[in-house]
Amino acid sequence: MATLTLEHVDKVFGQKTSRVQVLTDVNFETTAGELSLVLGPSGAGKSTFLTIAGGLQTPSQGNVQIDGQALGQLSAHDRDQLRLNRIGFILQAHNLVPYLTVKDQFRLVDKVKPKGNLSAADLTKLLANLGIDKVVNQYPAELSGGQSQRVAIARALYQNPAIILADEPTAALDSERVKVVGALLQRLAREQNKAIVVVTHDLRLRDFADHVYQLMDGHLTLES
Amino acid sequence: MFLALKEIRHEKLRYGLIIGMILLISYLVYVLSGLAYGLAQQNTQAIDSWDAQTVTLDRDANVSLSQSLITTATANKLTLTKHQAYVGQAGVVAKAKGKTNVSTQFLGLDKTQFIAKNLKLTTGHKPTTNRQVVADTSLQNQGYRVGDHITLNSINTKFTIVGFTKNAKLNVAPVVYGTLGAWRTLRGVAPTMQASAIVSQKSGKTTTSPLKTYSVQAFVNELPGYSAQNTTFGFMIGFLMIIAVVVIAVFLYILTMQKLPNYAVLRAQGIPARFLVGNTISQALVLVVSGLVLGALLTFATMRALPLGVPISFNLPLLGGVTLGILLTGVLGALIPVRLILKVNPVTVIGG
């Protein structure tokens, strides 16, 4: 059962006059089977929240745990391994490797993590579900913004992570595709027992979430 | 290697240009090395073919074969072994009717001694009289043939070419082998002069006055222009290698800089920095090896196309050394941006 916990997390950038507190006493917990949505306007600290949750940044204060393991106690190498094996990052569009075809984006994952990824049949199903099964031999530059975004989602899911952290996963998608992606994330959480955290300002995803948080001026609050 | 090859295949023009640049650098280094080695060889080919260890000259000859004379009186004090031979040197111009004049080095030999005995001919036979000579094959390339009658300098005596031998050059001039008797005539010395030098296949010094023994290397280093020419080429190749390091390193640095956003994404996804560093180095190796192979092929084609008179030559240690030098240069260039990869911050692609 994957769990992600943030306890009393503060994040401060800069010092003295340039000091900016991005996160203030953030407490958050999600477990396997849940889709959590963190909503907030631009500059609210959503991406900082996500990068701290995924071990890409360390908090100025507080504690982040994945499955009870404090990330602050892990070496850089162990954090790499954790991200590779347990966490799937869905980043915004244009974050695909430009010189790899869609098919090769998945092969790259196989090169560094040969085991534990989706089977070929599951990948085919996933690509069909996302409507990108016809573009597997194309390069990112040949894809539309929406297709690129769905490939980025598929790539993160291919690693079969227990925790999925998504940064604006529907930013480049039309309403129909938002529904497909929302439903997919919801299904992954419920049927495959994944802990999914989505940071976004896309309110269209609200209906798919189990919990909705508001991040405003660095303060995280759970909507009732 | 996966990422390296995929990227090269996708960015054909960009990597083609880099391979082209390495090709040109390696081509230049190969050709320069070949010319340096070829020219050096033309200074010493004849000496190398004798398999000599030492050269004994008049001690006041300033280590110069052309300045040295050994008298018969001195020679009478010596007992030469089968590994020693007299050589009489004279710079002469070979002429024949209808043929180009060629500046040559005439070397008079004693037919009973090892140099004359070991002379390997490509055609013809060894001289048996004072009027017969064997010449370097470069004279053959200039139209001289076995049976041709040539004059050497302004002496009216006609010499007959009775054979040709390969790799017979001294001080960048083709050698014409004849007898010590002919040498005396050409050099204009009295019969009281025995030779210019004693060449020996064994190390060991002659103590007889006024002679002095030098190692072949010491002797070769004093050949006119030899050291200066080698030093010049050495510096040219050295500077070229340094420039190659800088150029290749700058290209790889710029390439890596351009890829940092992609690397940041991959780092965010947990792709180990080790994998990305390995990719960068293997990509550099693929580029450098491709450039080297193409450079070597182009050099080979150039060698075939160059006129015979151009002194270009290669040997395996030289080629290996140059290749290894450029390869190390490439790896060194690839290592410079490694720090950038290790320090890439995945947060930069997610924003704040």
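Here the residue numbering is sequential within each chain, running from 1 through the sequence in written order. Chain A is the first chain written and ligand 1 is the first ligand written, with later ones labelled in order. The predicted origin of the model limits local features to residues at a pLDDT of at least 70 and limits the giving and counting of side-chain atom pairs to 80 or more, whereas totals for whole chains, interfaces and linings rest on all residues.

Going by what an unreviewed UniProt entry lists, chain B is known as Putative hemin transport system permease protein HrtB and is assigned to Levilactobacillus zymae. UniProt positions are given in the numbering used here, feature names are shortened, and annotations may be inferred rather than shown by experiment. Reading the Function (unreviewed entry) entry of the UniProt record for chain B gives the comment "Part of the ABC transporter complex hrt involved in hemin import. Responsible for the translocation of the substrate across the membrane."

Chain A is annotated in an unreviewed UniProt entry as Putative hemin import ATP-binding protein HrtA of Levilactobacillus zymae. Taken from UniProt, the Subunit (unreviewed entry) comment for chain A reads in full: "The complex is composed of two ATP-binding proteins (HrtA), two transmembrane proteins (HrtB) and a solute-binding protein." According to the UniProt record, the Function (unreviewed entry) comment for chain A is "Part of the ABC transporter complex hrt involved in hemin import. Responsible for energy coupling to the transport system."

Q: Would you take a moment to explain the overall build of chain A for this structure?
A: Every helix listed is a DSSP run of H or I at least four residues long, and every strand listed is a run of E at least two residues long, numbered separately from the N terminus. Each helix and strand in chain A was counted, giving 6 helices and 10 strands. Only the C-alpha atoms count toward the radius of gyration. The rule for a globule is 2.2 Å times the residue count to the power 0.38. Radius of gyration (C-alpha) of chain A: 17 Å, near the 17 Å computed for a compact globule of 224 residues. Overall size of chain A, expressed as C-alpha extent along the three principal axes, is 50 × 35 × 35 Å. Neighbour density around each residue's C-beta defines its exposure: 20 or more other C-beta atoms within 10 Å make it buried, 12 or fewer make it exposed, and counts between make it partly exposed, where C-beta atoms are placed from the backbone. Within the span of chain A, comprising 224 residues, buried residues form 47% of the whole.

Q: How should I be thinking about the interface of chain B and chain A in this particular structure?
A: Where interface size is quoted, it is often the accessible area lost as the parts come together. At the junction of the two partners, chain B supplies 20 residues and chain A supplies 23 residues. Here the side of chain B that touches chain A gets 5 residues from one element, more than from any other, and that element is helix α1 (residues 2–10) of chain B. Among the residues making up the side of chain B that touches chain A, the classes are represented as 11 nonpolar, 6 polar and 3 charged. Here contacts are defined at the residue level, using C-beta atoms placed from the backbone and a cut-off of 7 Å between them. Residues are sorted three ways: Asp, Glu, Lys and Arg are charged, Ala, Val, Leu, Ile, Met, Phe, Trp, Tyr, Cys and Pro are nonpolar, and all the rest, Gly among them, are polar.

Q: I'm lost on the sheet that holds strand β6 (residues 87–90) of chain A in this one. Help?
A: Neighbouring strands of a sheet are bound in pairs by backbone hydrogen bonds; such pairs are parallel or else antiparallel. Residues and elements named next belong to chain A. Pairs of strands are assigned from DSSP output, requiring at least two bridges between the strands. Sheet architecture is open: 6 strands sit in the order β6-β7-β8-β3-β9-β10, paired in mixed fashion. In the strand order of this sheet, the two ends are held by β6 and β10 (219–222), each with one partner. The average undirected angle you get between the axes of adjacent strands in this sheet is 20 degrees. Judged from the 4 bridges that link them, strand β3 (residues 35–39) and strand β9 (residues 211–216) form a sheet pairing that is parallel. All axes here are fitted lines through C-alpha atoms, helices being fitted over the stretch that makes contact, and every angle between N-to-C directions spans 0 to 180 degrees.

Q: It is not clear to me how the pairing of strand β1 (residues 54–58) of chain B should be interpreted in this structure. Could you clarify?
A: The two faces of a sheet get side chains in turn, since along a regular strand they alternate between them. Residues and elements named next belong to chain B. A large share of β1 lies buried, amounting to 4 of its 5 residues. Of the strand pairs in this sheet, β1 and strand β13 (residues 211–215) are connected by 5 bridges, and their pairing is antiparallel. Residue pairing for β13: Leu57 is matched across the bridge by Lys212.

Q: Is there a simple way to think about the UniProt feature "transmembrane region" (unreviewed entry) in chain B in this case?
A: Residue and element names in this part refer to chain B. Here the UniProt-annotated "transmembrane region" (unreviewed entry) positions come out as residues 15–39, 233–255, 276–298 and 318–342. Note that residues 15–39 is 100% helix and 0% strand, and that its end C-alpha atoms are spaced 35 Å apart. Taken as a whole, residues 276–298 contains 100% helix and 0% strand, while its terminal C-alpha atoms sit 33 Å from one another.

Q: I keep staring at the sheet that holds strand β2 (residues 20–31) of chain A and nothing clicks. Help me out?
A: All names here are of chain A. Strand order in the open sheet formed by 4 strands is β2-β1-β4-β5, with antiparallel pairing between adjacent strands. At either end of the open sheet lies a strand with only one pairing partner, and these are β2 and β5 (69–70). When strand β1 (residues 3–13) meets β2, the two strands line up antiparallel, connected through 8 bridges. Bridging from a neighbouring strand, Leu6 pairs with Phe28 of β2. Where helix α1 (residues 46–53) meets the sheet, its contacts fall on β1, β2 and β4 (61–66), and the angle it forms with β1 comes to roughly 125 degrees.

Q: Please clarify how unusual backbone geometry should be interpreted in this entry.
A: Glycine aside, negative phi is the norm for most residues, and most peptide bonds take the trans geometry. With an omega of 5 degrees, the peptide bond running from B:Ser209 to B:Pro210 counts as cis. Structurally, B:Pro210 can be placed in the loop between β12 (197–200) and β13. Even without a glycine there, the phi angle at A:Glu168 is positive, about 45 degrees. Along the polypeptide, A:Glu168 turns up in the loop between β7 (163–167) and α6 (175–191). Judged by local crowding, A:Glu168 falls into the buried class, with 21 C-beta atoms found within 10 Å.

Q: Just checking my understanding: could you explain the domain arrangement of chain B for this structure?
A: Residue and element names in this part refer to chain B. Annotation comment: domain bounds sourced from an automatic or database domain assignment. By the assigned domains, chain B splits into domain 1 (2–43 + 227–350) and domain 2 (54–202). Averaged C-alpha coordinates put domain 1 and domain 2 at centres separated by 47 Å. At the junction of the two partners, domain 1 supplies 4 residues and domain 2 supplies 4 residues. The class makeup of the residues in the side of domain 1 that touches domain 2 is 2 nonpolar, 2 polar and no charged.

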